[in-house]
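Structural description and commentary
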Amino acid sequence: MATTHTSKTSVYLITIVASLGGLLFGYDTAVISGAVGALENFFITSLENSPSFAEDTIFQFKITISLCVLAIGLLFADFILKFFQKNKAYTIIAAILIFGGAVFYFQFLTLPNILTENLRNSILGFMVSSALVGCIIGASLGDNVANSIGRRNGLIIAALLFLISALGSSYPEVMNIFPGNDLTAFIIYRIIGGIGVGLASMLAPMYIAEMAPANIRGQLVSFNQFAIVTGMLVVYFVNYFIVSGQTELWINETGWRYMFLSEAIPALLFLLFLFFVPKTPRFQTMKGNEEDAMKVLTKLNGPETATRILSDIKASFSRTKSHWLSFGWGVVIIGILLSIFQQFVGINVVLYYAPEIFRGMGMETDASMLQTIIVGAINMLFTVLAIMTVDKFGRKKLMMIGSAVMAVAMIGLGFALYTETEGLPALLLMLLYIAAFAMSWGPVTWVLLSEIFPNKIRGVMAVAVAIQWLANLIVSWTFPMMNNNSALVEHFNHGFSYWIYGVMAFLSLLFIWKFVPETKGRTLEDMEELWMKKK
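This structure is a prediction, so every number in the text was calculated from the model and none was measured. (Residues numbered from 1 in each chain as written. Predicted model: local features only at pLDDT ≥ 70, side-chain atom pairs only at ≥ 80, totals over all residues. Heavy atoms only, no water.)

1. Focus: the confidence of the model for the protein chain
Stated formally: On a scale of 0 to 100, pLDDT captures the predictor's confidence in every residue. Under the scheme used here, helices are H or I runs from DSSP no shorter than 4 residues and strands are E runs no shorter than 2 residues, and both carry numbers assigned from the N terminus.
The pLDDT averaged across the protein chain works out to 83; a share of 91% of its residues lies at or above 70. Ranking the elements of the protein chain by mean pLDDT puts helix α24 (residues 524–534) last with 67 and helix α7 (residues 151–170) first with 93.

Quick look at the structure:
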């Protein structure tokens, strides 16, 4: 039975509400871009002016990092226990603990509490990317949250965390309830917001995928990515209007606070709208509420199709349950590598540090913020192109084209910076890179992650998304350490890191071409049969 106009309207309205999670995802991760310079001036410069304050802050920084490593380690240990038999899992965990703990202790904890160039850049990089620690935690908890309280209720929790983070990160000294200084409080509130982002990054596309009819699922899941880039573009405008015409002193003291505080508005709207959308049929069926599941399916697909879908859902859940490797390593590794490559091509370096990159090209603050709006607009425009074509041309073709263009653009940008032929050529190469990512790896990765995992191991998506955020953290944290390193700047003039991202884009092309299956037009249950055959 064809989807009726009424049911299509319902599907689109539900998708829009769920996609607000994506909008906040984009808003929260991009709001930092306009504040990097001010945060560096407000927090980091004070460390350079006071050795005793710097020593105390470095001590707190080491404790914060240690707690973050412990939290992430526990979450990934839980993942390892779900992949392997207990004895093997404990052996792997012990080996990682011994080797990783030794490296962490001797290469980080035992360093003197003196503000060196590398440590300064490390603190700045972590302050900018600290929300990503929360993203890893939120994404890791996503499976448990989705299966215990549901996809929708998990998004409600995410909205609350967004709201708390907006208030706390804008005025950390006022809301500092933690045993540390204001820099530590700021980092903690960014991590809280990151947990919300991590939950939303997994639950929003999962919610949409489970509500959408198969024939338009790719398009609707892509709406989540469209919402992400919309959130980014909105916050670029917000940041621009906040700093426009203002003095550097005002921006460094007050302006950055308004940037973070502005997130409270969309967070409140998201929280309110979520109370008006239903729980997904798959969650309802999993909890034994087949009557409620049937009501939702009938409304969205019509009675005849709803009966068939419910039967497929029940059949997929009724199959013998086993560990996450019940379909073999293939689907797991593909999901993880999709996440890693999406970040290792360097997208969030451009999104987080765009104003600083433009300022490094000699632009004033207002001009650099305006260029960032152009980046956001290109990002949105080509994401719309992906939404319009993902169900027509398929996932693989878009991904491979995107990888090829990103590789050329990033390597070219690296040479433009290396040869100091900046200005318009560098800007055009950056916009070309953004366009290629936006029409491919940006939205289509989320479509693939929501489609490739069979129902009975959909929890593996939490691993893939958590690793995506870990990869994001690694890239975002290390960028200022590479880009501001005196030796690398002397030899490569800021081009080094972009060459690395270009090589990663080329490797991502080979990966998609060789290993990733086309999922266009297949139901979630069809994917289960595919992996059973490949096992």
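2. As for the packing of aromatic side chains
To be explicit about the condition: Two rings belonging to Phe, Tyr or Trp (six-membered ring only in the last case) form a pair when the distance between their centres is within 6.5 Å. Interplanar angles under 30 degrees mark stacking, angles over 60 mark edge-to-face geometry, and anything in between is tilted. Each residue is placed in one exposure class: buried if its accessible area under a 1.4 Å probe, protein chains only, is under 20% of its type's maximum, exposed if it is over 50%, and partly exposed if it falls in between. Note on criteria: charge over ring means Lys NZ or Arg CZ within 6 Å of the ring centre, with the direction from the centre no more than 35 degrees off the ring normal.
Going through the model one piece at a time under the given rule, you end up with 29 aromatic pairs. Between Phe 126 and Trp 477 the ring centres are 5.0 Å apart and the planes differ by 55°, which places this aromatic pair in the tilted class. Of this pair, Phe 126 sits in helix α5 (residues 117–129) while Trp 477 sits in helix α21 (residues 460–483); the two residues are 351 residues apart in sequence, bridging distant segments of the chain. Note on accessibility: Phe 126 and Trp 477 belong to one class, buried. When the ring centre of Trp 513 is taken as origin, the NZ or CZ atom of Lys 514, which lies over that ring, is 5.7 Å away.

3. Thoughts on the pattern of salt bridges
Cut-off, in case you're wondering: Definition used for salt bridges: Asp or Glu carboxyl oxygen within 4 Å of a side-chain nitrogen of Lys or Arg.
Taken as a whole and assessed by the stated rule, the structure comprises six salt bridges. In this structure, Asp 78 engages Lys 82 in a salt bridge whose closest nitrogen and oxygen atoms are separated by 3.6 Å. Placement of both Asp 78 and Lys 82 in helix α3 (residues 51–83) is noted, with a separation of four residues, approximately one turn of the helix. Lys 82 gets classed as partly exposed once you look at its relative accessible area, which sits at 25%. Residue Arg 151 is joined to Glu 210 by a salt bridge in which the shortest nitrogen-to-oxygen separation is 2.8 Å. In this pair, Arg 151 sits in helix α7 while Glu 210 sits in helix α8 (residues 182–211), placing the two residues 59 residues apart along the sequence. The residues Arg 151 and Glu 210 share a single accessibility class, namely buried.

4. A few points about the environment of Val 405
Rule in force here: Contact criterion: two residues are considered in contact whenever any of their non-hydrogen atoms come within 4.5 Å of each other.
In this structure, Val 405 sits in helix α18 (residues 395–418). Classification of Val 405 as partly exposed rests on a relative accessible area of 25%. Here the alpha-carbon distance between Val 405 and Ala 435, two residues 30 residues apart in the chain, equals 9.0 Å. Residue contacts for Val 405: discarding those within four places in its chain leaves Leu 432 and Ala 436.

5. Section: the state of the cysteines
Here a disulfide denotes a covalent bond joining the sulfur atom of one cysteine to the sulfur atom of another. For clarity, the cut-off: Any cysteine sulfur atom paired with another within 2.5 Å is treated as part of a disulfide.
Tallying each qualifying case throughout the model produces zero disulfides. Cysteine Cys 68 shares no disulfide, and the gap to the nearest cysteine sulfur, in Cys 135, comes to 12 Å. For Cys 68, a relative accessible area of 10% gives the class buried.

6. Focus: the packing of helix α6 (residues 131–148) against α8
Quick reminder of the rule: Whenever a helix is involved, its axis is fitted only over the stretch in contact; in every case the axis is a line through C-alpha atoms, and angles between N-to-C directions fall within 0 to 180 degrees. Note on terminology: angles under 35 degrees are roughly parallel, angles over 145 are roughly antiparallel, angles of 65 to 115 are roughly perpendicular, and the others are oblique. By the definition used in this description, the sense in which the near helix is turned from the far one sets the handedness, with an anticlockwise turn below a right angle giving left-handed and a clockwise turn giving right-handed. Residues are sorted three ways: Asp, Glu, Lys and Arg are charged, Ala, Val, Leu, Ile, Met, Phe, Trp, Tyr, Cys and Pro are nonpolar, and all the rest, Gly among them, are polar.
Where α6 meets α8, the closest approach of the two axes is 6 Å, and the angle between their N-to-C directions is 45°. When the interaxial angle is binned, α6 and α8 end up oblique. Seen from above, α6 lies across α8 with right-handed handedness. Facing Ala 131, Val 133, Gly 134, Cys 135, Ile 137, Gly 138, Ala 139, Leu 141, Gly 142, Asp 143, Val 145 and Ala 146 of α6, the residues of α8 in contact are Arg 190, Ile 191, Gly 194, Ile 195, Val 197, Gly 198, Leu 199, Met 202, Leu 203 and Met 206. For the contact of α6 with α8, the class distribution of residues is 15 nonpolar, five polar and two charged.

7. Structural notes on α21
Stated formally: By this rule the span expected of a helix is its residue count minus one, scaled by 1.5 Å.
In a regular helix each residue adds 1.5 Å, so 24 residues correspond to 34 Å; α21 covers 34 Å between its end C-alpha atoms and thus fits that length. With 20 of its 24 residues buried, α21 lies for the most part within the structure.

8. Here we look at the nonpolar core
The line we're drawing: Definition of nonpolar core: a set of buried residues of the types Ala, Val, Leu, Ile, Met, Phe, Trp, Tyr and Cys, connected through side-chain atoms within 4.5 Å.
Residues Leu 39, Leu 338, Tyr 433, Trp 441 and Trp 469 are the most contacted members of the largest nonpolar core, which totals 163 residues. Counting residues in each nonpolar core, the second largest holds six residues, with Ala 293, Ile 309, Leu 310 and Ile 313 among its members.

9. Brief notes about the side chain of Arg 257
Inclusion rule: Here a polar contact means two N or O atoms within 3.5 Å. Within protein one must be a hydrogen donor candidate and the other an acceptor candidate, and residues neighboring in sequence count only if both atoms are side-chain atoms.
Structurally, the position occupied by Arg 257 is in helix α10 (residues 248–261). There is a polar contact of 3.1 Å between the side chain of Arg 257 and the backbone oxygen of Glu 253. Setting aside chain neighbours within four positions, we find Arg 257 in contact with Phe 42, Ser 170, Tyr 171, Pro 172 and Glu 173.

10. Comments concerning the side chain of Asn 181
Residue position: Asn 181 is located in the loop between α7 and α8. Of the residues examined, Asn 181 reaches a relative accessible area of 13% and is grouped as buried. At a separation of 3.0 Å, a polar atom in the side chain of Asn 181 contacts the side chain of Thr 57.

11. Side note on the environment of Gly 414
Of note, Gly 414 is situated in helix α18. C-alpha separation for the pair Gly 414 and Gly 245, spaced 169 residues apart in sequence, amounts to 32 Å. The residues contacting Gly 414, other than those within four sequence positions of it, are Gly 495, Tyr 498 and Trp 499.

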